[in-house]
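# Coordinates in review
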Amino acid sequence: MFRINDNFTKLPASYLFSEVARRVKAYTDANPGVEVIRMGIGDVTRPLCPAVIEALHKAVDHEAAGESFQGYGPEQGYAFLRDKISLYDYKERGIDIEPDEIFVSDGAKSDTGNIGDILSTSNRVAVTDPVYPVYVDTNVMGGRAGELGEDGRWSRIEYLPCTSENSFVPSLPLSKPDVVYLCYPNNPTGTTLTRDQLKVWVDYCRDNGVLLLFDAAYEAFIREEDVPHSIYEIEGAKDVAIEFRSYSKTAGFTGIRLGYTVVPKGLKGLDEDGSPVELNGLWRRRQTTKFNGASYLTQRGAEALYSEEGRRQVKETIDYYLENARMLRVGLAEAGYEVVGGINSPYIWLKTPATMTSWEFFDYLLERYHIVGTPGSGFGPSGEGYFRLTAFNTHENTRCCVERLSLK
Ligand code: PLP
């Protein structure tokens, strides 16, 4: 009889969002007529901007005519899009990233999950804690995580706590990992690292032969000068870092799907003989073998984001969410909560009051204020005692949430 990949059976059921839904349903069934405000939304709610819609319509027309019909495209993405990414996301910021270092994909979840294909299963991994769960779970699937302990930690993964005790700034690892995942602006805490703080990480990776996997899915929310939009703003990062980007939260592409990954030429790892091998070639091989390219329509839609109109319209949408984030941050602080995030990010991370666990606070908010958020413990052991609210609801609902939470 054939065997399965046993690593999958090691993974505990992912029950965070299903448990949230179950508790909300039980509450609304028992309390019909109560208006619950959902502040745990992890998806965008504003529609695609007009420039994208127009480009999508045009692209549909291309597919309708024999002479402009597009079938399979280049696996790494069309040149019309990669050229614009190289120019507007990098060169305009003084960063030299060439189109052939850019790989367009169906999103950052796939790429952050799939990148392990080109890395040895013997590598040791470090993650910040709390963490976007994909980094941990895909390393479990890949056989790099070891065993799950009763404390919720995998034995071969180093967890770097980010809590109010260290102002949400992770310390450098102690266990000599080979690969480190960083995500800034961070999901779930909404915190960022400054240029100097990121330089510490790039220097550490360079000095210790560590690969830095940098997830910049929330880059478009950055408004402060001292917060880098790309890890490649830090000198030397091209030798050690892969960067993941997403159009999901940036431009509302969560449904139509698009992202990209930058694998700089010159970034090398060692093969089993100890000889250096370029990761760019390995990732190209991986993508051309296992991925047939993101859709032509979506790439034409993304191209329109780089027009003057597109850039202005997307900024307006992000400003809308950032205003929600500001209302939450300021309103909750005034109501006496300890909050971080929400400045360069759509996420607000608050400390649960007194000795309430994350789930106790979830029940308390639901029953007392009819507000739904996400328990921090769902993002890792160091998320216990914290809670995530998001800025993706409407202004009206966000204002109403703040008013309710201000009532004692
Ligand atoms: N990375 C982080 C940190 C995220 O929070 C998310 C989505 O929530 C993603 C990646 C996934 O992005 P995409 O929609 O491009 O797959």
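Above this text is the structure in question.
Structural notes, computed from the coordinates. Since we're looking at a predicted model, the values are computed, not measured.

Helix and strand counts for the chain come out as 13 helices and 15 strands. Scaling as 2.2 N^0.38, a compact globule of 408 residues should have a C-alpha radius of gyration of about 22 Å, and the chain matches this with 22 Å. Evaluated residue by residue, the chain yields a buried proportion of 51% over its 408 residues. Intrachain contacts of the chain at a sequence separation of at least 6 include 72% that bridge at least 24 residues. Element-wise, carbon and sulfur atoms account for 52% of the exposed surface of the chain, whose accessible area totals about 18,300 Å². Where the 44 positive side-chain charges of the chain centre and where its 58 negative ones centre are 2 Å apart.

By the element assignment, Ile-41 lies in the loop between β1 (37–38) and α3 (50–64). Sequence-distant contacts of Ile-41, defined by excluding residues within four places in its chain, comprise Thr-390, Phe-392 and Asn-393.

Neighbouring the ligand are 14 residues; Asn-187, Asp-215, Tyr-218, Ser-246 and Ser-248 lie closest to it. Here an oxygen atom of the ligand and a side-chain polar atom of Ser-246 are 2.7 Å apart. For the ligand, whose accessible area on its own is 400 Å², the fraction buried by protein is 91%. Broken down by secondary-structure element, the contributors of at least two residues to the shell around the ligand are α5 (108–114) and α8 (248–251). Tallied by class, the residues present in the shell around the ligand amount to six nonpolar, four polar and four charged.

A large share of strand β12 (residues 347–351) lies buried, amounting to four of its five residues. Counted between consecutive antiparallel strands, the loop separating strand β11 (residues 339–341) from β12 contains five residues, among which Gly-342 sits at a positive phi close to 75°. Pairing geometry for β12 and strand β15 (residues 386–390), over five bridges, is antiparallel. If you follow Lys-351 over to β15, its bridge partner there is Tyr-386.

A cluster of nonpolar side chains, namely Met-1, Phe-2 and Ile-4, defines an oily patch on the protein surface of about 460 Å² accessible area. Summarising the element assignment, Met-1 is placed in the segment before α1 (7–10).

For the rest of this paragraph, the subject is the sheet that holds strand β8 (residues 259–262). Strand order in this open sheet of seven strands is β2-β8-β7-β6-β5-β3-β4, and the pairing throughout is mixed. Edge strands, defined here as strands with exactly one partner in the open sheet, are β2 (102–105) and β4 (157–161). Ignoring which end each strand starts from, the neighbouring axes of this sheet average 20° apart. In terms of strand pairing, strand β5 (residues 179–183) meets strand β6 (residues 211–215) through five bridges, oriented parallel.

For helix α12 (residues 358–369), with twelve residues, the first-to-last C-alpha span of 16 Å sits near the 16 Å given by 1.5 Å per residue. Tucked inside the fold, the buried residues of α12 contact α2 (16–30), β12, β13 (371–372), β14 (374–375), β15 and α13 (395–406). Among the residues trailing α12, His-370 stands out with phi positive, at a value near 60°.

This next bit is on the pattern of salt bridges. By the definition in use, this model includes 28 salt bridges. In this structure, Arg-153 engages Asp-151 in a salt bridge whose closest nitrogen and oxygen atoms are separated by 3.5 Å. Residues Arg-312 and Glu-316 are paired through a salt bridge, measuring 2.8 Å at the closest nitrogen-oxygen approach. Residue Arg-312 and its partner Glu-316 are both found in helix α11 (residues 308–334); the two are separated by four residues, about one turn of the helix. In this structure Arg-312 comes out as partly exposed when scored by relative accessible area, which is 42%. According to the relative accessible area criterion, Glu-316 is partly exposed, its value standing at 47%. Overlapping salt bridges, with partners in common, bring together Glu-19, Arg-22, Arg-23 and Asp-363 in one network.

Our focus in this paragraph is unusual backbone geometry. Here Asp-129 and Pro-130 are connected by a cis peptide whose omega angle stands at 10°. Locating Pro-130 in the fold gives a position in the loop between β3 (125–129) and α6 (133–141). Asn-187 connects to Pro-188 through a cis peptide bond whose omega is 20°. Mapped onto the elements, Pro-188 comes out in the loop between β5 and α7 (195–208). Positive phi values are uncommon outside glycine, yet Phe-168 reaches one of about 65°. Considering the arrangement of structural elements, one finds Phe-168 in the loop between β4 and β5. For Phe-168, a relative accessible area of 5% puts it in the buried group.

The next point concerns the nonpolar core. Ranked by internal contacts, the top residues of the largest apolar core, which has 96 residues, are Ile-231, Tyr-247 and Leu-305. With eight residues, the single largest contributor to this core is α11. Those residues in contact with Leu-305 that sit more than four places away from it in its chain are Cys-49, Val-52, Tyr-247, Ala-251, Phe-253, Gly-310, Arg-311 and Val-314. With 26 residues, the next largest nonpolar core counts Leu-119, Val-131, Val-179 and Val-263 among its residues.

Where strands meet in a sheet, backbone hydrogen bonds hold them as pairs that are either parallel or antiparallel. As summarised here, the arrangement of the four strands in space is β11-β12-β15-β14, forming an open sheet in which the pairing is antiparallel. Both outer strands of the open sheet, β11 and β14, are each paired with one neighbouring strand and no more. Where α11 meets the sheet, it contacts β11, β12 and β15, and its direction lies at approximately 15° from that of β12. Packed on one face of the sheet, α12 meets β12, β14 and β15 and runs near 50° to β15.

Scoring rules and cut-offs
Sequence order as written defines residue numbering, which begins from 1 separately in each chain. Owing to the predicted nature of the model, reporting of local features is limited to residues with pLDDT of at least 70; listing and counting of side-chain atom pairs is limited to 80 or more, with chain, interface and lining totals taken over all residues. Side-chain numbers come from the whole structure's heavy atoms, not from hydrogens or water. We count a stretch as a helix when DSSP gives it H or I for four or more residues in a row; a strand needs E for two or more, and each element gets its number in order from the N terminus. C-alpha atoms define the radius of gyration in this analysis, and the globule rule sets the expected value at 2.2 Å times the number of residues to the power 0.38. Only protein chains enter the accessibility calculation, which uses a 1.4 Å probe; a residue whose area is less than 20% of its type maximum is buried, one above 50% is exposed, and one in between is partly exposed. Residues are treated as being in contact if the distance between any of their heavy atoms lies within 4.5 Å. The Shrake-Rupley method, run with a 1.4 Å probe, gives the accessible areas here. Residue values count only the displayed protein chains as cover. Here the positive residues are Lys and Arg and the negative ones are Asp and Glu; neither His nor the chain ends is included. Note that the charge is assigned to NZ on lysines, CZ on arginines, CG on aspartates and CD on glutamates. To be near a molecule or strand, a residue needs just one of its heavy atoms within 4 Å of it. Think of a polar contact as two N or O atoms within 3.5 Å of one another; within protein, one of them needs to be a possible hydrogen donor and the other a possible acceptor, and neighboring residues in sequence only count if both atoms come from side chains. Ten residue types, Ala, Val, Leu, Ile, Met, Phe, Trp, Tyr, Cys and Pro, are classed as nonpolar, four, Asp, Glu, Lys and Arg, as charged, and the remainder, Gly among them, as polar. Paired strands, as defined in this entry, are two strands with at least two bridges between them according to DSSP. Surface patches are defined over residues having more than 30% relative accessible area and no salt bridge, joining like charges when they lie within 9 Å and nonpolar side chains (Val, Leu, Ile, Met, Phe, Trp, Tyr) when within 5 Å. We define a salt bridge as a contact between a side-chain nitrogen of Lys or Arg and a carboxyl oxygen of Asp or Glu at a distance within 4 Å. Note on geometry: axes are lines fitted to C-alpha atoms, helical ones only across the stretch in contact, with angles between N-to-C directions running from 0 to 180 degrees. Helix span, as expected, comes to 1.5 Å for every residue beyond the first. Working definition of a nonpolar core: buried Ala, Val, Leu, Ile, Met, Phe, Trp, Tyr and Cys residues. They are joined through side-chain atoms within 4.5 Å.

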